[in-house]
Amino acid sequence: MNFFTLAAKNLLRRRGRTLLTVLGVAIAISVLFSLLALNSGYEKELNREMNSMGVHLLAVPKGCPYEAASLIIHGGVIPKYLSARDLTNVSSIQDVELATPMLMHQFMKKDENTGKSTPHIIYGINMAEMLRLKPWWKVEGRYFADNETGVMLVGRDLAEKENLSLGQVLPAGPMRESVTIVGILERTGDQDDQFHFFPLAEAQRVFGKEGKITTIAVKVRDLSRISAVSEEMEKVPDIQVVTMTQVMGTIMNLAGSARSLLLTVIAIALIISAFGIINTLLMSVNERTREFGMMKAIGALGTDIGKMVLAETVLITLSGGMLGTVAALVGSRVIEGFVKGMLPYSPRGSFISFSPELVVFALAFSVVLGLVCGIYPAFKSSRLTPMEAIRSGLE
Amino acid sequence: MRAIIEAQGLTKVYRRGREEIFALKGVDFVAFPGEFVSIIGPSGSGKTALLNLLGCLDAPTTGGLQLGGVETSGLRERDLVRLRRENIGFVFQQFYLMPTLTARENIELPLLFSRKNGNRGQIDDILEMVGLGDRGDHLPGQLSGGEMQRVAIARAMVNDPGIILADEPTGNLDSATSEMIYKLFSELNHQGLTLIVVTHNLDLARKAQKMYTLRDGQIVGCEERTRPQR
């Protein structure tokens, strides 16, 4: 027998109370663990998504706020346009390796079965340039040439969701012109999986936006020149430059307020649970003063009693920590769904990232929580003199 | 013979608000190795207070106490614990067994505190000695009152002390069980253990070699008789 088995057996005496305290800790630790997992995962996933764009800078129409830039990334449409002249100006800036125009168009498609309308995004692109930005693209079927008409490429997720296949002909634009699917992109894991891609000129024609572009995606020759290029681009009238760092920063800021709200909730949950533990322990220490007196009479030092009480606390919080961590691992999908609903922008992939370090941290945190909560009850119990303890029990 | 425990002029004053309660008023006490001493007296006469002072569970207000030749006044709590651990085993009226520990684990408890490793054989021997050879794995809730008190006596014995201090050890037991407990004490005493028993039970008290009578915190009588033959 050692102090831990003694403490564990003591805890089993009040099973209901112990279980409720453990559950309280488990809930707090589970929320903490999920938030930390979310915190690291969110940034990681966002970074990955930004990198997968293959773009260093975006030129958007002036007056378009950064929030709109995040909409563009997500496939939103803004009612302002740039012109071919702007593209020429941007392309001529030194150190710009590639400046490719894009037109975005959104339309609503009604599902025949459910009657629900869902937004669909069409990108008008220059294929040759796009492949330089995204050399990892692979296609089933073929890419289109920039001068082709009546052709499109679709993302893998879109194809699966809408049951689209190669060679299928779909109506597009106000005139419901026939467009054939010539290629289906292999899964990229980012937003591209959701889009329709048209040759730029064809998209401009079909949707009545001749000569108009929504954004210019810029690839810089040398990464260290990003800010210099950005400054040059700002000189072009009508253009506002958005760097990927800014987009990320904006998104992180927007997500930040939601995260601080979550953090507050967790802090409150942890404080409540800490007071719950201290209360439970003090109650159990007070109930057992006579027993502590007996222990001292049979040879226990004050520090032995304190150690036992501390071991009891750590056992409670550690079991709570383990339970909470397992609950967070099991319930991560539910938590992610909940959090995605709360955040203004969510990367498409799973952004709750669990790492062994995080598990260790959560468990270590629960041990520290136990030590902190156990100090006062342990000190109180260790200070009792045997006679005081025995007498107080007899009163 | 040198006394195993000796006290001179023990006084204990408790304060309750402004009131001072004299639990003991200048008590002299002596017990020799292997002696069986009983302390009797009406409720409130100071029996338990004396036993607690003798066991170093409480410090006297004035007076001196020597345990195994060591003067206890002025010792730090840590040293008192060590002295108590090595010399004294306690038996309480309420048994004070840990309900979630088996009889065997309850007996092992003092070893945990004294950082000694108890081997199974040693605990088995003690269990046999108190007549509970087959009850070691039972929880206190599965034992009778007499059996629980025997576990408590075994627990008091495990550190191999020279003295057993018992506070009303038969107070919660019927007369037949009390008789069994007395027999056990008697056997332990015959093996050389010093027994100091506080009791209301006059029959039990009279079986001791020396019987102190306390009244209002003072010794009012000390009868000595020869050790009964086995």
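See the structure shown above.
Notes on the structure in this doc start here. Bear in mind that the values here come from a model prediction, so they are computed numbers and not experimental data.

Thresholds applied
Residues numbered from 1 in each chain as written. Chains lettered and ligands numbered in written order. Predicted model: local features only at pLDDT ≥ 70, side-chain atom pairs only at ≥ 80, totals over all residues. Helix = DSSP H or I, 4+ residues; strand = E, 2+ residues; numbered from the N terminus. Contact = placed C-beta atoms within 7 Å. Buried ≥ 20, exposed ≤ 12 C-beta atoms within 10 Å, placed from the backbone. Pairing = 2+ DSSP bridges. Axes fitted to C-alpha atoms, helices over the stretch in contact; angles between N-to-C directions. Core = buried A, V, L, I, M, F, W, Y, C linked by C-beta atoms within 7 Å. Domains from an automatic or database assignment. Parallel < 35°, antiparallel > 145°, perpendicular 65-115°, else oblique. Left-handed = near helix turned anticlockwise from the far one by under 90°. Nonpolar A, V, L, I, M, F, W, Y, C, P; charged D, E, K, R; others polar.

Let us now look at the overall build of chain B. Of regular secondary structure, chain B possesses seven helices and ten strands. Counting only contacts in chain B whose residues sit at least 6 apart along the sequence, the fraction spanning at least 24 positions is 70%.

A separate point is the overall build of chain A. A count of helical and extended segments in chain A gives 14 helices and ten strands. Taking all 395 residues of chain A together, 38% fall into the buried category. Restricting the contact set of chain A to residue pairs at least 6 apart, pairs at least 24 apart contribute 83%.

Taken together, the contact pairs 17 residues of chain A with 24 residues of chain B. The element best represented in the side of chain A that touches chain B is helix α1 (residues 3-12) of chain A, accounting for four residues.

Here the focus is the sheet that holds strand β3 (residues 36-40) of chain B. Backbone-to-backbone hydrogen bonds pair the strands of a sheet. The strands run either parallel or antiparallel. Residue and element names in this part refer to chain B. If you walk across this open sheet you meet the six strands as β6-β7-β8-β3-β9-β10, and the pairing is mixed. Each edge of the open sheet carries a strand with a single partner, namely β6 (88-91) and β10 (218-224). Taken pair by pair, the neighbouring strands of this sheet meet at an average axis angle of 15°, ignoring direction.

Let us look at the nonpolar core. Residue and element names in this part refer to chain A. With 154 residues, the main nonpolar core has Ala59 and Val218 as its most contacted residues. With 13 residues, the single largest contributor to this core is helix α2 (residues 15-51). When residues of this core are assigned to domains, at least three fall in each of domain 1 (3-48 + 252-394) and domain 2 (83-237). Residue contacts for Val218: discarding those within four places in its chain leaves Val55, His56, Leu57, Ala59, Val90, Val96 and Ala99.

Turning our eyes to something else, we now look at the environment of Lys12(B). Residue and element names in this part refer to chain B. Within the fold, Lys12 resides in strand β1 (residues 5-16). For Lys12, a count of 22 C-beta atoms within 10 Å corresponds to the buried category. C-alpha of Lys12 to C-alpha of Leu24: the two residues are twelve residues apart in sequence and 4.9 Å apart in space. Excluding its chain neighbours within four sequence positions, the residues that come into contact with Lys12 are Ala23, Leu24, Ala49, Leu53, Pro60 and Thr61.

Further remarks concern the packing of helix α11 (residues 302-330) of chain A against helix α13 (residues 356-383) of chain A. All names here are of chain A. Between α11 and α13, the shortest axis-to-axis distance is 7 Å and the interhelical angle comes to 150°. With respect to each other, α11 and α13 are oriented roughly antiparallel. Remark: the crossing between α11 and α13 carries right-handed chirality. Looking at the contact of α11 with α13, its residues break down into 18 nonpolar, 13 polar and one charged.

With that out of the way, let us pick up the pairing of β3(B). All names here are of chain B. Counting buried residues along β3, five of its five residues qualify, which places the element largely inside the surrounding structure. Residues Phe36, Ser38 and Ile40 line one face of β3 and the alternating positions Val37 and Ile39 line the opposite face, and both faces are buried. Pairing of β3 with strand β8 (residues 194-198) involves four bridges; the strand directions are parallel. Pairing of Phe36 across the sheet is with Leu195, part of β8. As defined by bridge partners, β3 adjoins strand β9 (residues 210-215) across four bridges and the pair is classed as parallel. Bridged to Ile40 within β9 is Thr213.

What follows deals with the pairing of strand β4 (residues 62-67) of chain B. Residues and elements named next belong to chain B. Where β1 and β4 come together, five bridges link them in antiparallel fashion. Each bridged residue has a counterpart across the sheet, and for Ile5 the counterpart in β4 is Leu67. Here two bridges tie β4 to strand β5 (residues 70-71), and the two strands are oriented antiparallel to one another. Looking across to β5, one finds that Leu67 is bridged to Val70. Linking two consecutive strands that pair antiparallel, namely β4 and β5, is a turn of two residues; a positive phi of about 55° is found at Gly68 within it.

Backbone geometry places Arg176(A), a non-glycine residue, at a positive phi of 50°. Secondary-structure assignment places Arg176(A) in the loop between β6 (169-172) and β7 (177-185). Judged by C-beta crowding, with 10 C-beta atoms within 10 Å, Arg176(A) ranks as exposed. Positioned with a positive phi, Cys56(B) is a non-glycine residue whose angle comes to about 60°. Examined against the element boundaries, Cys56(B) turns out to sit in the loop between α1 (47-54) and β4.

This paragraph deals with the sheet that holds β5(B). Spatial ordering of the open sheet is given by β2-β1-β4-β5 (chain B), a layout of four strands whose pairing is antiparallel. One side of each edge strand has no neighbouring strand; the edge strands of this open sheet are β2 (19-31) and β5 of chain B.

This part takes up helix α3 (residues 103-113) of chain B. Residues and elements named next belong to chain B. When you tally the buried positions in α3, you get eleven out of eleven residues, the bulk of the element. Listed as buried for α3 are Ala103, Arg104, Glu105, Asn106, Ile107, Glu108, Leu109, Pro110, Leu111, Leu112 and Phe113. Backbone geometry just after α3 places Arg115 at a positive phi near 55°.

Just geometry here; none of it tells us what the structure is for.
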